[in-house]
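What the coordinates show
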Amino acid sequence: MSEELFKKMTASVIEGEPEVAAELARQAIEQGIDPLEAINRGFVIGVNEVGDRFSRGDMFLPELVLAGEAMKAAVAVLEPEMAKQGTKRDILGTVVLGTVEGDIHDIGKTLVGTMLSASGFQVYDLGVNVPVEMFAEKARQVDADIVGLSALITTTMGKQRDVIEALDDMGLRPKVKVMVGGAPVTRDWAEEIHADGYSEDAVGAVIVAKQIVAQKVKTA
């Protein structure tokens, strides 16, 4: 019975159906299934499959957005139950995320946050038009592993460099790693400003974030 439900959970994410995902999460609670097991054996498998398909070009951005929403809907139902039972998801790492000052583009950054959360990261999304100092202060406050900086217009890319310098000034580098992204951002730019990771899309951002935390564990 549980296996059948897990398969439906996986399908609800792949098919991008938030309402179905939430209903399946409620069914899992009613049937006494461990909410953590529902996440790991049901919904997360869907997220991983969507990531693979997107990477192969078999899925596109709108479908990726819906899959992220489905995962978010399921977790919103299951998290209160986990809190009640005193269980917690393993957190891969803590990410502070935002679109840099002067830039109000939201969709790409929000999708990255959703996919990171779905993949097991604790995400603090500061929103858009975020002042340089706020990134550094929040990273210090939550003991972040990664700061993710989105810039969608060429004139705001320089703010990514400013945030890295602010983290330096606060003595948070190299402990706090920096990922950058956004339409005008390139790998060369990331290297020029001494960022630790770069990605073109949300799925790539999750892969880069996992590599960064794995590397941190190795060198700790």
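Structure: above.
Below is a summary of the structure that appears in this document.

Calculation criteria
- Residues numbered from 1 in each chain as written.
- Predicted model: local features only at pLDDT ≥ 70, side-chain atom pairs only at ≥ 80, totals over all residues.
- Heavy atoms only, no water.
- Helix = DSSP H or I, 4+ residues; strand = E, 2+ residues; numbered from the N terminus.
- Buried < 20%, exposed > 50% of the residue type's maximum accessible area, 1.4 Å probe, protein only.
- Contact = heavy atoms within 4.5 Å.
- Areas by Shrake-Rupley, 256 points an atom, 1.4 Å probe, with all protein chains shown as cover.
- Pairing = 2+ DSSP bridges.
- Axes fitted to C-alpha atoms, helices over the stretch in contact; angles between N-to-C directions.

Here's the deal with the overall build of the protein
Along the protein, the regular secondary structure elements total 9 helices and 5 strands. Reading the helices (α) and strands (β) of the protein from amino to carboxyl end gives α-α-α-α-β-α-β-α-β-α-β-α-β-α. Dimensions of the protein, computed from C-alpha atoms along their principal axes, come out at roughly 55 × 35 × 30 Å. Counting all 220 residues of the protein, 50% fall into the buried class. Taking the contacts inside the protein whose residues are at least 6 apart along the sequence as the reference set, 75% of them involve residues at least 24 apart. Here the protein displays about 10800 Å² of accessible surface, and carbon together with sulfur accounts for 53% of that area.

A few points about the sheet that holds strand β4 (residues 177-181)
Sheet architecture is open: 5 strands sit in the order β2-β1-β3-β4-β5, paired in parallel fashion. Unpaired on one side and paired on the other, β2 (122-125) and β5 (197-198) mark the two borders of the sheet. Bridge count between strand β1 (residues 94-99) and β2: 4 bridges; the pairing is parallel. Counted as the bridge partner of Leu97 is Asp125 from β2. Of the strands in this sheet, β1, β2 and β3 (146-150) touch helix α6 (residues 132-142), which is tilted by about 165° from β1. Its contacts with the sheet place helix α9 (residues 202-219) against β3, β4 and β5, and it is angled at close to 165° to β4.

Side note on the side chain of Thr99
Relative to the helices and strands, Thr99 is located in strand β1. Overall, the relative accessible area of 0% leaves Thr99 in the buried class. Here Thr99 is in contact with His105, Lys109, Gly127, Val128, Asn129, Val130, Phe135 and Ser150, once residues within four sequence places are set aside.

The analysis is restricted to geometry; functional conclusions fall outside its scope.
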